[in-house]
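This is what each chain is made of:
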Amino acid sequence: MARFTILSYEFRTVQDPYDNSLFPTRTDEEKEEIFAHKQDYFDEFFKQENFPELFVYSGRHYRVQLLWKYNGIIVFQMEKQGWYNQSIDFQNNKIPDNRWLDIIIDNRAQQQFIAVRKNSTVFKPYTVAKILEENFSNWLTPNYGLEVSVKTQYQSKVFWDIYDKFNKVHGIERLQFNFPFPNKDWISENIEGLMQFGKARNGATRLGLEAAKGEKLYFEKNEDNEKLVNTCSGTGVDVLIKPREHRVIHVVKEMNPIEQEISDGALQKVLRPTADTPVEDEIVFTAYQKAGEFLNKFKQYYE
């Protein structure tokens with residue numbers, strides 16, 4: 001079995017950083033239109049005639065090979081381009097570092113997931129998220145005024161375990177929820193009022209709850225509060241918990257990434273087509289079917 005870490009990606013509209021005009025060149029109506037087609041524009045990144053052979057992040061280069069894309073599912077591989085030191089016969093030798101990862105993107109409507117094959121000797125999930133985030137945004141921002149945020153999903157249980165542990169002993173004096181820019185229907189349904197407030201101001205929304213001096217918060221596990229937590233865990237954004245007489249705890253630093261398994265046989269079928277394989281080929285259809293079966297296991301949030 002092969003294991004994949006699950007990332008979630010969200011979009012937001014931004015002004016072109018190279019546009020130095022006094023007034024914004026995109027009206028609110030144009031931004032709304034762009035945002036309505038955000039996943040179509042994201043798909044355009046993978047249709048480029050000169051698809052980038054390299055991703056660049058923090059001064060390092062990563063070779064990219066697009067295998068196939070079909071009906072919102074995209075499969076590619078990313079390889080390190082560098083060297084590492086290895087001791088052989090009491091001498092340090094520089095060895096080419098060309099380790100690689102398999103990456104599957106679910107850009108179907110209302111999905112927005114990235115599955116990254118787990119291999120801790122190549123990349124940590126956080127590093128992969130930052131590489132993808134930066135390279136996707138560097139193309140989308142000047143072309144369509146969009147920015148992408150890529151984060152690792154975690155279980156809502158992580159928040160509740162921390163909250164319960166410290167609430168019993170010290171009490172909680174402050175909570176801060178950092179919501180994403182509204183992207184998917186389930187998020188808007190969860191916290192519609194807050195989302196609309198942020199969206200109207202072209203920003204993500206934060207919700208802070210702070211107890212009066214010497215008092216503690218009451219944040220019981222009910223439907224409304226679970227919606228707040230699930231929205232953050234499902235999109236990988238942070239929640240800050242400040243117990244009384246204790247440091248601030250960042251939930252994302254305490255979590256374990258969500259993972260899903262796929263059989264080796266199914267994965268081989270997913271990876272079999274190449275960029276030269278005609279999309280009408282049975283090999284592509286089989287790959288799409290197997291990838292879809294795998295991606296359909298993913299949830300918007302995990303309790």
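In case you missed it, the structure is sitting above this.
The following refers to the structure shown. (Residues numbered from 1 in each chain as written. Predicted model: local features only at pLDDT ≥ 70, side-chain atom pairs only at ≥ 80, totals over all residues. Heavy atoms only, no water.)

The next thing to look at is the overall build of the protein. Along the protein, the regular secondary structure elements total nine helices and 13 strands. Looking at the protein as a whole, 48% of its 303 residues qualify as buried. In the protein, the proportion of contacts linking residues at least 24 apart, taken out of those at least 6 apart, comes to 69%. Just so you have it, the protein exposes about 16,400 Å², and 46% of that area is on carbon and sulfur atoms. (Helix = DSSP H or I, 4+ residues; strand = E, 2+ residues; numbered from the N terminus. Buried < 20%, exposed > 50% of the residue type's maximum accessible area, 1.4 Å probe, protein only. Contact = heavy atoms within 4.5 Å. Areas by Shrake-Rupley, 256 points an atom, 1.4 Å probe, with all protein chains shown as cover.)

With that settled, the discussion passes to the pattern of salt bridges. Evaluation of the coordinates by the stated rule reveals 14 salt bridges. Between Asp 43 and Lys 47 there is a salt bridge whose closest N-O contact spans 3.4 Å. Here Glu 223 makes a salt bridge to Lys 227, at a shortest N to O gap of 3.9 Å. Of this pair, Glu 223 and Lys 227 both sit in helix α7 (residues 223–235), four residues apart, which is roughly one turn of the helix. Here the salt bridges share partners, and the residues they tie into one network are Arg 3, Lys 118, Glu 259 and Glu 261. (Salt bridge = Lys/Arg side-chain N within 4 Å of Asp/Glu carboxyl O.)

We now examine the pairing of strand β10 (residues 206–210). The buried count for β10 comes to zero of five residues, which makes it a mostly uncovered element. Bridge count between strand β9 (residues 172–178) and β10: five bridges; the pairing is antiparallel. Bridge pairing in β10 links Gln 176 to Gly 208. (Pairing = 2+ DSSP bridges.)

In this section: the sheet that holds strand β12 (residues 249–250). Strands belonging to one sheet form pairs held by backbone hydrogen bonds; the direction of such a pair is parallel or antiparallel. The strand order β10-β9-β11-β12 describes an open sheet built from four strands, whose pairing is antiparallel. In this open sheet, the two edge strands, each paired with only one partner strand, are β10 and β12. Of the strand pairs in this sheet, strand β11 (residues 239–243) and β12 are connected by two bridges, and their pairing is antiparallel. Paired with Ile 241 across the bridge in β12 is Ile 249. Along the sheet, helix α4 (residues 156–169) makes contact with β9, β11 and β12, crossing β9 at roughly 165°. Strand contacts of α7: β9, β10 and β11, with the helix running at about 55° to β9, the strand carrying the most contacts. (Axes fitted to C-alpha atoms, helices over the stretch in contact; angles between N-to-C directions.)

Taken as a whole and assessed by the stated rule, the structure comprises 30 aromatic pairs. Judged by centre distance (5.0 Å) and plane angle (90°), the ring pair of Tyr 70 and Tyr 288 falls under edge-to-face. Of this pair, Tyr 70 sits in strand β3 (residues 60–70) while Tyr 288 sits in helix α9 (residues 282–295), placing them 218 residues apart in sequence. Ring centres 5.2 Å apart and planes at 80° place the aromatic pair Phe 294 and Phe 298 in the edge-to-face group. You'll find Phe 294 and Phe 298 in the same group, each marked buried. Clustering of aromatic rings is evident, with ring pairs tying together Tyr 9, Phe 11, Tyr 41, Phe 42, Phe 45, Phe 46, Phe 51, Phe 55, Phe 76, Phe 136, Trp 139 and Tyr 144. One cation-aromatic arrangement involves Lys 38 over Phe 35; the distance from NZ or CZ to the ring centre is 4.6 Å. (Phe/Tyr/Trp six-rings, centres within 6.5 Å; stacked < 30°, edge-to-face > 60°. Lys NZ or Arg CZ within 6 Å of the ring centre and 35° of its normal.)

Let us look at unusual backbone geometry. Of note in this structure, Asn 71 is not a glycine but carries a positive phi near 50°. Position of Asn 71 among the secondary structure elements: in the loop between β3 and β4 (73–88).

Another aspect to go through is helix α8 (residues 264–271). Within the span of α8, buried status applies to Ala 266, Leu 267, Val 270 and Leu 271. Looking down the long axis of α8, one finds its buried residues gathered within 130° of arc, a one-sided arrangement. (Arc of directions from axis to C-beta.)

A separate point is the side chain of Gln 112. Tracing the chain through its elements places Gln 112 in the loop between β6 (100–106) and β7 (113–117). Polar side-chain contacts of Gln 112 include one of 2.6 Å to the backbone oxygen of Tyr 9. With sequence-adjacent residues up to four places away left out, Gln 112 is seen in contact with Leu 7, Ser 8, Tyr 9, Glu 10, Phe 11, Lys 38, Gln 39, Asp 106, Asn 183 and Lys 184. (Polar contact = N/O pair within 3.5 Å; in protein donor to acceptor, adjacent residues only side chain to side chain.)

The subject of this paragraph is the nonpolar core. Residues Phe 46, Phe 55, Phe 76, Ile 105, Ile 114 and Phe 136 are the most contacted members of the largest nonpolar core, which totals 35 residues. Broken down by element, the residue count for this core peaks at seven residues, all from helix α3 (residues 125–144). In contact with Ile 105, not counting residues within four places along its chain, are Tyr 9, Phe 42, Phe 46, Gly 72, Ile 73, Ile 74, Phe 76, Phe 113, Ile 114 and Phe 136. (Core = buried A, V, L, I, M, F, W, Y, C linked by side-chain atoms within 4.5 Å.)

Attention now moves to the packing of helix α2 (residues 38–45) against α3. One can describe the packing of α2 onto α3 by two numbers: an axis separation of 10 Å at closest approach and a directional angle of 115°. Between α2 and α3 lies a crossing whose hand is right-handed. Here α2 contributes Tyr 41, Phe 42, Glu 44 and Phe 45 to the contact with α3, which in turn contributes Asn 135, Phe 136, Trp 139, Leu 140 and Tyr 144. Across the contact of α2 with α3, the residue classes break down as seven nonpolar, one polar and one charged. (Left-handed = near helix turned anticlockwise from the far one by under 90°. Nonpolar A, V, L, I, M, F, W, Y, C, P; charged D, E, K, R; others polar.)

Burial of β6 is extensive: six of the seven residues sit out of reach of the surface. With antiparallel pairing between neighbouring strands as the criterion, β6 and β7 make up a hairpin whose turn holds six residues, including Gln 110 at a positive phi of roughly 70°.

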